[in-house]
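Listed below, chain by chain, are the residues.
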Amino acid sequence: MLKRTLEAGEQVQRKPRQRIQHKSLFGTISAPHDPIVKEFWSFLCGNEDIHAKQKGKSISLSKLKKYVGLFNRESGWQRIGREHRIDIIQELQRSKEQVTSFRKNVQDLKDKSLRGLNKKLKGLSKEKVKVMEEAFDACIHLVPSGSGCCVRIGSEAHVLTCAHCIDHDDDDDESNQSLAEPNRVGRYKVIVWANGRMGLAQCVFSDDKADVALMKIVALTSQDIDTVPVTLPTASVATIAPEKGVTLLLIHNPYNWDLERAEGGQMGFIPFSVEDGEVDGYRKGDRADSSSFGALKHSCWTYWGTSGAPLFDVRSGCIIGIHNSWDSRNGQRHGVALDGIRKCLQAYAP
C-alpha cells in the first residue's frame with residue numbers, strides 16, 4: 001500500500017500542486033481496489049432503482065449484505081436469510097435515497113451557503129477573504145451526519161474529522177460495550193462538498209482518546225480516478241496553537257431537525273453554515289486528550305452534526321482545532337486542540 005501511494009504521488013509531482021499563492025493546497029486521491037467497493041459506488045451513483053434488479057436477481061444476497069455493511073448498518077443484516085431479501089433491498093434503497101436527498105439539498109442551497117460565508121468575511125482583508133474561501137472549498141459533510149475538512153498528507157488528500165463521526169450502528173449495541181474502542185479503521189463514509197460533489201472515503205486512522213480520525217478518499221462523482229489524476233482543495237493545519245481571544249471561523253453542517261423537542265420540526269439550518277467566535281481558552285490537563293471534553297474551548301455556535309467541523313484561525317486560514325463536544329451544564333463548546341491533531345498526524349505519517 002505504501003509503495004502504491006508513493007507511486008501515485010510521483011505521477012503528480014510533475015504537475016504544479018499549489019495553484020494559488022495561499023495556504024490551500026491540492027491533494028490527489030487513490031482509486032478503490034476492492035471490486036465490491038467499486039460496484040457499491042456504481043450503485044450509489046447510478047439512477048437505477050435497486051428494486052428493478054431484484055426480479056432478475058442480478059445482485060446476489062451476499063453482495064447485498066456487503067453493500068449494507070458499507071453503509072455501516074447493524075451487523076444483524078449479515079445474518080438474514082433469503083426470505084428477507086426484499087427487506088435488505090428496501091434498506092439499501094432508503095440509504096441511497098438519504099444520500100441522494102442530502103446531496104440535492106446541498107446543490108440547491110449552494111448559493112445560500114456562499115452568501116453565509118461572504119457575510120462572515122465582511123471586514124476582512126482581501127487576502128484573508130481569499131484564504132477562507134479556499135478553506136471553505138476544502139470542507140466536507142459526512143452523510144448522514146458529521147463534518148470534516150480535507151488536508152493533504154504527503155501527496156494525497158485525506159479527510160480530517162472526529163473519531164466518533166466514523167460511527168456504525170453496532171457502536172450503540174449494549175453487547176459491544178465491553179470493547180474499549182470500536183474498530184473504526186476500514187469503515188467507509190459517503191462525503192459531500194459544498195459544490196455538490198460526492199465522494200467515498202475509507203477510515204485509515206482513528207484515535208478515540210484524541211477523538212481524531214483520518215479518511216482516505218477513494219471515489220468521486222464524475223471522475224474516472226483509475227486513469228485520471230484527480231486533485232482536491234485541502235486546508236493547512238496550523239503549527240502554533242492560538243491564544244485566548246483569537247477570532248475563529250467554524251464551517252459545519254448542523255442537523256436540520258429539532259432534536260430538543262419531542263415533536264421535532266425543521267430548523268431552517270443550511271449545509272456548510274459558517275459561524276464566528278473566539279478561542280475561550282483551554283481545559284486543564286493533557287491538550288491531546290479529548291476522551292471527555294476537547295481541550296480547546298471556543299464560542300462558535302454549534303448543533304448536532306457539527307462534530308468533526310474544522311475551526312479556522314482567520315488570520316491564516318489554518319485549522320487550529322476540530323469541534324467535538326459541548327458541556328450541557330454551561331453551554332461551553334469544546335474542540336480537539338491542535339496538540340491532539342498534530343499528534344495524530346504524526347502517528348499516522350511520521
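Structure: above.
As a starting point, this report considers the structure included with it. (Residues numbered from 1 in each chain as written. Predicted model: local features only at pLDDT ≥ 70, side-chain atom pairs only at ≥ 80, totals over all residues. Heavy atoms only, no water.)

Further remarks concern the side chain of Asp289. With respect to the helices, strands and loops of the structure, Asp289 is situated in the loop between strand 10 (273-282) and strand 11 (296-298). For the buried Asp289, no salt bridge is present, and the opposite-charge side chain at shortest range is Lys209, 4.4 Å distant. Side chain to side chain, Asp289 and Ser291 meet in a polar contact 2.6 Å long. Not counting residues within four places of it along the chain, the set of residues in contact with Asp289 comprises Lys209, Arg283 and Ala295. (Helix = DSSP H or I, 4+ residues; strand = E, 2+ residues; numbered from the N terminus. Buried < 20%, exposed > 50% of the residue type's maximum accessible area, 1.4 Å probe, protein only. Lys, Arg positive; Asp, Glu negative; His and termini not counted. Salt bridge = Lys/Arg side-chain N within 4 Å of Asp/Glu carboxyl O. Polar contact = N/O pair within 3.5 Å; in protein donor to acceptor, adjacent residues only side chain to side chain. Contact = heavy atoms within 4.5 Å.)

With that out of the way, let us pick up the sheet that holds strand 12 (residues 310-313). Read around the barrel, six strands follow the order 9-10-11-14-13-12 and close on themselves; strand pairing throughout is antiparallel. Neighbour-to-neighbour, the strand axes of the sheet open up by a mean angle of 45°, direction not taken into account. By the bridge criterion, six bridges tie strand 9 (residues 247-252) to strand 10 in an arrangement that is antiparallel. Bridge pairing links Leu249 to Asp276 in strand 10. Running over the sheet, helix 7 (residues 126-138) touches strand 9, strand 10 and strand 12 and is turned about 30° from strand 9. Each of strand 13 (318-327) and strand 14 (332-337) is contacted by helix 8 (residues 338-348), which is oriented at about 30° to strand 14, the strand it contacts most. (Pairing = 2+ DSSP bridges. Axes fitted to C-alpha atoms, helices over the stretch in contact; angles between N-to-C directions.)

All right, on to the pattern of salt bridges then. Inspection of the entire model under this criterion finds 13 salt bridges. Across the pair Arg184 and Asp171 runs a salt bridge whose closest N-O atoms are separated by 3.6 Å. Remark: Asp171 occurs in the loop between strand 4 (156-161) and strand 5 (188-193) and Arg184 occurs in the loop between strand 4 and strand 5; sequence separation between them is 13 residues. The class of Arg184 is buried, set by a relative accessible area of 7%. Taking the relative accessible area as the measure of exposure, Asp171 reaches 22% and is therefore partly exposed. A salt bridge links Arg315 to Glu243; its shortest N-O distance comes to 3.8 Å. Of this pair, Arg315 sits in the loop between strand 12 and strand 13 while Glu243 sits in the loop between strand 8 (231-234) and strand 9, and the two are 72 residues apart along the sequence. When salt bridges with common partners are traced through the structure, they connect Asp171, Arg184, Arg187 and Asp208 into a single cluster.

Turning our attention to the packing of aromatic side chains. The geometry of an aromatic ring pair is captured by two quantities: the separation of the ring centres and the angle between the planes. For the coordinates displayed, the defined rule picks out ten aromatic pairs. Between Phe40 and Phe71 the ring centres are 5.0 Å apart and the planes differ by 75°, which places this aromatic pair in the edge-to-face class. With Phe40 in helix 2 (residues 35-45) and Phe71 in the loop between helix 4 (61-70) and helix 5 (85-108), this pair connects stretches of sequence that are 31 residues apart. Residue Phe40 is classed as buried on the basis of its relative accessible area, which comes to 1%. Arranged with centres 6.0 Å apart and planes meeting at 10°, the rings of Trp301 and Tyr303 form a pair that is stacked. Given a relative accessible area of 33%, Trp301 falls into the partly exposed group. On the basis of relative accessible area, Tyr303 is assigned to the buried category, the value being 11%. (Phe/Tyr/Trp six-rings, centres within 6.5 Å; stacked < 30°, edge-to-face > 60°.)

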